[in-house]
Amino acid sequence: MTPQAKLIFTSSLILGTTITISSNHWITAWAGLEINTLAILPLIAKSHHPRAIEAATKYFLTQATASALLLFSAMMNAWYTGQWDITQLTHPTACLILTSALAMKLGLAPFHFWFPEVLQGSPLTTALLLSTLMKFPPMTLLFMTSPSLNPTLLTYMAILSTALGGWMGLNQTQIRKILAFSSISHLGWMAIIVSYHPKLTLLNFYLYSLITATVFLTLNTIKTSKLSTLMTTWTKTPALSTMLLLTLLSLAGLPPFTGFLPKWLIIQELTKQSMAPAATMISLLSLLSLFFYLRLAYCATITLPPHTTNHIKQWHISKPTPSAIAILTTTSTMLLPISPLILTTV
């Protein structure tokens, strides 16, 4: 792909995201989502590999369906109430259809099946965009419409998402699929709290995006996409592998890392809302995803490759660690001590 084409698609992504997150009218929000979808498709399919073409096709069909549902719910609400304002969504059927549309856009269970397949067919940099930037506009719409949505339905979808994200990621050997199921599991944490404390959902999303960006950029630097090749990276880049270990533990939500902060706050808020059983269930289900984070961390740092490996041995590269990854790793692991400062913004 030429630099000019890449610049056009990247600018379109930023434009589409900006239009959606800054709009009050359903039509402009929908237009921004459509610009986003059309801009990311060439970035998914740029390798021209059959798997990449398949991923782009699946992504297009799913996002087109979700956009149609979103527009249908907005039109239904406008028909009954005369309101096109995003925050004035009051008709119950429109709210139900919108919940389905946003769940499909985000990859929230039970509309999650497209996400691992699309991520597996995309390059690592595009997979990073799909996991973070592309989820920001629908997350903003979820935030703006959260008072109108059914909290019970969102709680059930969130628990199902955390369960399926953890359960289906257990047996994976492809790192992109593991990170896709990790994303589905994290979306459960964001969805369960959105009706009660929407700002916590956004805080969770920002921190998740930060940590996921670190993981993807590290994997892109060491050119790894499978567990079997991850085992041979310690000899090549020990510093990056150590950073990956710390970032994965943060993504798992273990104290004293940054990833523990949103989970701690969400459990606290759920308990305040007399939802201790839901908080207990989602906490126990997140142990499933903890297993595959530890598996990734184990493969990256503790496992030595066997002498009969089928992979080409990596030469030790003495290049310095990219400064962006160093800064991201620091913020991904060390923000917990300044949590009182972060809480002043929530």
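Residues numbered from 1 in each chain as written. Predicted model: local features only at pLDDT ≥ 70, side-chain atom pairs only at ≥ 80, totals over all residues. Heavy atoms only, no water.

The name given to the protein in an unreviewed UniProt entry is NADH-ubiquinone oxidoreductase chain 2, with the source organism recorded as Pomatorhinus ruficollis. Here is the UniProt Function (unreviewed entry) comment for the protein, exactly as written: "Core subunit of the mitochondrial membrane respiratory chain NADH dehydrogenase (Complex I) which catalyzes electron transfer from NADH through the respiratory chain, using ubiquinone as an electron acceptor. Essential for the catalytic activity and assembly of complex I." Among the UniProt annotations of the protein, the heading Subcellular location (unreviewed entry) holds the following wording: "Mitochondrion inner membrane". (UniProt positions renumbered as here; feature names shortened; annotations may be inferred.)

Another point: empty space enclosed by the protein. Inspection of the entire model under this criterion finds 4 cavities of 30 Å³ or more. Each pocket or cavity is described by its volume, and for the largest cavity that value is around 80 Å³. Along the walls of the largest cavity sit Leu 33, Asn 36, Thr 37, Tyr 59, Gln 63, Lys 105, Trp 114, Leu 130, Met 134, Lys 135 and Pro 138, which together make up its complete lining. For the lining of the largest cavity, the elements supplying multiple residues, two or more each, are helix 2 (26-44) and helix 3 (50-81). Considering every element that reaches the lining of the largest cavity, the biggest residue donor is helix 2, with 3 residues. Its residues placed into classes, the lining of the largest cavity shows 6 nonpolar, 3 polar and 2 charged. What the second largest cavity holds in volume is close to 60 Å³. Every residue along the wall of the second largest cavity is listed here: His 186, Asn 204, Leu 207, Tyr 208, Ile 211, Ser 250, Leu 251, Gly 253, Gly 259, Pro 262 and Lys 263. Sorting elements by how many residues they give to the lining of the second largest cavity places helix 10 (residues 198-221) first, with 4 residues. When its residues are assigned to classes, the lining of the second largest cavity shows 5 nonpolar, 5 polar and 1 charged. (1 Å grid on protein atoms, 1.4 Å probe; cavity = no way out; pocket = protein on both sides within 12 Å on 5 of 7 lines; lining within 4 Å. Points joined across faces, edges and corners; volume = space filled by probe spheres on them. Helix = DSSP H or I, 4+ residues; strand = E, 2+ residues; numbered from the N terminus. Nonpolar A, V, L, I, M, F, W, Y, C, P; charged D, E, K, R; others polar.)

This next bit is on the UniProt feature "transmembrane region" (unreviewed entry) in the protein. The sites that carry the UniProt feature "transmembrane region" (unreviewed entry) are, in the present numbering, residues 7-23, 59-79, 91-115, 153-171, 203-222, 243-261, 281-304 and 324-343. In residues 203-222, helix accounts for 95% and strand for 0%; the two terminal C-alpha atoms are 29 Å from one another.

The next thing to look at is the packing of aromatic side chains. Going through the model one piece at a time under the given rule, you end up with 7 aromatic pairs. Aromatic side chains Trp 114 and Phe 115 sit 5.3 Å apart centroid to centroid with 75° between the ring planes, which places their arrangement in the edge-to-face category. Here Trp 114 and Phe 115 have matching classes, each one buried. With a centroid separation of 5.9 Å and 5° between ring planes, the pair formed by Phe 136 and Phe 205 is classed as stacked. Of this pair, Phe 136 sits in helix 7 (residues 136-145) while Phe 205 sits in helix 10, and the two are 69 residues apart along the sequence. Joined through ring pairs, the aromatic side chains of Tyr 59, Trp 114 and Phe 115 make up one cluster. (Phe/Tyr/Trp six-rings, centres within 6.5 Å; stacked < 30°, edge-to-face > 60°. Buried < 20%, exposed > 50% of the residue type's maximum accessible area, 1.4 Å probe, protein only.)

A word on the layout of surface pockets. In this structure, the second largest pocket spans a volume of roughly 160 Å³. What lines the second largest pocket is Trp 189, Ala 252, Gly 253, Leu 254, Phe 260, Lys 263, Ile 267, Ser 283, Ser 286, Leu 287 and Leu 290. Contributions of two or more residues to the lining of the second largest pocket are made by helix 13 (260-272) and helix 14 (276-302). No other element matches helix 14, which puts 4 residues into the lining of the second largest pocket. Residues of the lining of the second largest pocket, tallied by class, amount to 7 nonpolar, 3 polar and 1 charged.

In terms of residue burial, helix 7 counts as a mostly covered element, since 9 of its 10 residues are buried. Within the span of helix 7, buried status applies to Phe 136, Pro 137, Pro 138, Met 139, Thr 140, Leu 141, Leu 142, Met 144 and Thr 145. Buried residues in helix 7 make contact with helix 1 (3-21), helix 2, helix 3, helix 4 (92-106), helix 9 (175-193) and helix 10. (Contact = heavy atoms within 4.5 Å.)

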